[in-house]
2 protein chains.
Amino acid sequence: MSQKISVVENILSANDQIAQKNRAAFDQAGVFAINIMASPGAGKTTFILKTMEALQGRLRLGVIEGDVAGSIDAEKAAAAGLPAVQINTGGDCHLDAVMLSNALPALPLDQLDLVIVENVGNLICPASFALGTHLNVLIASIPEGDDKPYKYPGMYRGVQALIISKIDLLPYVTFDMDYFRRGVEMLNPGLVTFPVSAKTGEGMQAWADWLVEKVHSK
Amino acid sequence: MSQKISVVENILSANDQIAQKNRAAFDQAGVFAINIMASPGAGKTTFILKTMEALQGRLRLGVIEGDVAGSIDAEKAAAAGLPAVQINTGGDCHLDAVMLSNALPALPLDQLDLVIVENVGNLICPASFALGTHLNVLIASIPEGDDKPYKYPGMYRGVQALIISKIDLLPYVTFDMDYFRRGVEMLNPGLVTFPVSAKTGEGMQAWADWLVEKVHSK
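The numbering scheme is per chain: residues are counted from 1 as the chain's sequence reads. Labels follow written order: the first chain is A, the first ligand is 1, and so on. Confidence filtering applies because this is a predicted model: local features only for residues at pLDDT of at least 70, side-chain atom pairs given and counted only at 80 or more, and all residues used for totals across whole chains, interfaces and linings. For side-chain calculations, the full set of non-hydrogen atoms in the structure is used, while hydrogens and water are omitted.

1. Observations regarding the sheet that holds strand β3 (residues 84–88) of chain B
Residues and elements named next belong to chain B.
Next up, step 1: Pairing is parallel in the open sheet, where seven strands are placed in the order β3-β2-β4-β1-β5-β6-β7. For this open sheet the edge positions go to β3 and β7 (192–195), each flanked by a neighbour on one side alone. Across the sheet, the mean angle from the axis of one strand to that of its neighbour is 20°, orientation sign disregarded.
Next up, step 2: Pairing between strand β6 (residues 161–165) and β7: four bridges, direction parallel. Along β7, the bridge assignment pairs I163 with F194.
Next up, step 3: Throughout, a residue-residue contact means that at least one pair of heavy atoms, one from each residue, lies within 4.5 Å. Interaxial angle, 0 to 180 degrees, is taken between N-to-C directions of lines fitted to C-alpha atoms, where a helix line uses only the stretch in contact. Going along the chain from the N terminus, every DSSP run of H or I of four or more residues is numbered as a helix, and every run of E of two or more is numbered as a strand. Sitting on the sheet, helix α3 (residues 72–79) is in contact with β2 (61–67), β3 and β4 (114–118), with an inclination near 180° to β3. A pair of strands is treated as paired once DSSP finds two or more bridges between them.

2. A short note on the sheet that holds strand β4 (residues 114–118) of chain A
Residue and element names in this part refer to chain A.
Next up, step 1: One open sheet holds the seven strands; their spatial order is β3-β2-β4-β1-β5-β6-β7, and the pairing between them is parallel. Looking at which strands have only one partner, the edges of the open sheet turn out to be β3 (84–88) and β7 (193–195). For this sheet, the mean inter-axis angle between neighbouring strands, taken without regard to orientation, is 20°.
Next up, step 2: Along the sheet, helix α7 (residues 177–187) makes contact with β5 (135–141), β6 (161–165) and β7, crossing β6 at roughly 160°.
Next up, step 3: Its contacts with the sheet place helix α8 (residues 204–216) against β1 (32–38), β4, β5, β6 and β7, and it is angled at close to 140° to β1.

3. Let's talk about the state of the cysteines
All names here are of chain A.
Next up, step 1: The term disulfide is used for any two cysteine sulfur atoms that are within 2.5 Å. This model, assessed by the stated rule, comprises two disulfides over all chains.
Next up, step 2: Two residues, C93 and C125, share a disulfide whose sulfurs are 2.3 Å apart. Torsion about the S-S bond of the C93 and C125 cystine: about -105°, corresponding to left-handed handedness. Highlighted residues: C93 in the loop between β3 and α4 (97–103) and C125 in the loop between β4 and β5, separated in sequence by 32 residues. A single burial state applies to C93 and to C125, both of which are buried. Exposure categories follow from relative accessible area, calculated using a 1.4 Å probe and restricted to protein chains: below 20% of the type maximum is buried, above 50% is exposed, and the middle band is partly exposed.

4. Re the interface of chain A and chain B
Next up, step 1: Opposite the 34 residues of chain A that make contact, chain B presents 34 residues.
Next up, step 2: Interface area for chain A against chain B, summed over the two sides, is near 2,500 Å², with a carbon-plus-sulfur share of 60%.
Next up, step 3: Buried area adds together the accessible area that both of two parts lose upon being put together, with accessible area traced by a 1.4 Å probe. Considering only the side of chain A, the residues that lose the most area to chain B are P40(A), K151(A) and Y172(A), jointly responsible for 25% of the buried surface there.
Next up, step 4: Salt bridges, as used here, are contacts in which a Lys or Arg side-chain nitrogen is within 4 Å of a carboxyl oxygen on Asp or Glu. Where chain A touches chain B, the interface holds three salt bridges.
Next up, step 5: The salt bridge involving D73(B) is made with K151(A); its shortest N-O contact spans 2.7 Å.
Next up, step 6: Polar contacts here mean pairs of N or O atoms no more than 3.5 Å apart (in protein, one a potential hydrogen donor and the other a potential acceptor; neighbouring residues in sequence count only if both atoms are side-chain atoms). There are nine residue pairs in polar contact (both at pLDDT 80 or more) connecting chain A and chain B.
Next up, step 7: Here the residues of the side of chain A that touches chain B sort into 17 nonpolar, six polar and 11 charged. When residue character is reported, Ala, Val, Leu, Ile, Met, Phe, Trp, Tyr, Cys and Pro are called nonpolar, Asp, Glu, Lys and Arg charged, and the others, Gly included, polar.

5. Examining the relation of the copies chain A and chain B
Next up, step 1: When the copies are superposed, the least-squares fit draws on C-alpha atoms of residues that have pLDDT of at least 70 in both. Of the transformation placing chain A onto chain B, the axial shift is 0.0 Å and the rotation is 180°, giving an RMSD of 0.0 Å. Overall, the copies show the geometry of a two-fold rotation axis.
Next up, step 2: Mapped onto chain B, 100% of the interface residues of chain A again fall at the interface, so both copies present the same surface.

Structural data, given as structure tokens:
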């Protein structure tokens, strides 16, 4: 079993080296980069498009979309007028630093302030692979249920901001917000959290304002 | 890269051998076994508990719960009076045949007709690992969105039944059922599908009746 562990360590170490190069590329271009992670269907793409609207031109945004297959998300982003690149992992359950490194030349980094990377929909694998972004963000959607921090602790531990999405669905599902928040606090004390509804727009302005502040204070 | 591929093949081949042994253990005990897969928060555990109610004692049910961490799901099942075992993968994004093999002795197979295995919440990894169950079932929940077949084709290709869950949320979210079903049909023509709401009970009886028929005709 020790051999298996050492293989994993080598893969992660090689990934970290490429992640550092990605970070250097972002920094050189003056770009702030975010890695957004979530379950399938938590609303990552919609959240990114609504973030663009709430930014109201304060930041020049580009996106990198990660999926096992297809180009639905990049097409949506491009249709909204954003520079967009689609990465297909071909079966891998996460993006890694090499995939991101290969995608970067397709974006006009010098003309951007912010790049949002949408990781593959998954609450497990993406937590293990640094990409070189400045900020890891998790989106937890209300209909997924209040027990997710307890079931996916690695993901909740590794992020610097938490979006609670689809809060417009709270009246229609069972979701104990206190129980959810206790789980989050246990794993990631003081984590900054934004409850939002992309549908009604609630909470999006507070998130966008925080993001602008974050980018400018980098 | 060819070396990497051969390692993966060896792992999968070893897994398939253990899966065959699991199948033999189920068959010897006269047990029908189901592998339920879904995104995090699609409602797998609730669906299993509601299935138990809809079976109305027609089948003796046991469950095996797979999660990265915690024992919330097995506790829920045990509280409902079901023989239940929790598997913690410790970080792996799927169950495999060895984990299932290790869990089987904890269930009184000779006293059961049906074992439901709840896989780790994930639309990617579980599709690659046979467990030895007789039926692979996918739960797709309405709030996840209608584009999931197009994004996670491997999962949709590999199942023999599809549950569309949380249909009570249809009035509150954007979900194009025709678009969703076209994607499913493209990947898995003629797949048997059960739209259900665990909340209202809608559709649960049709699923339970089909399941009883399936178990008895094994």
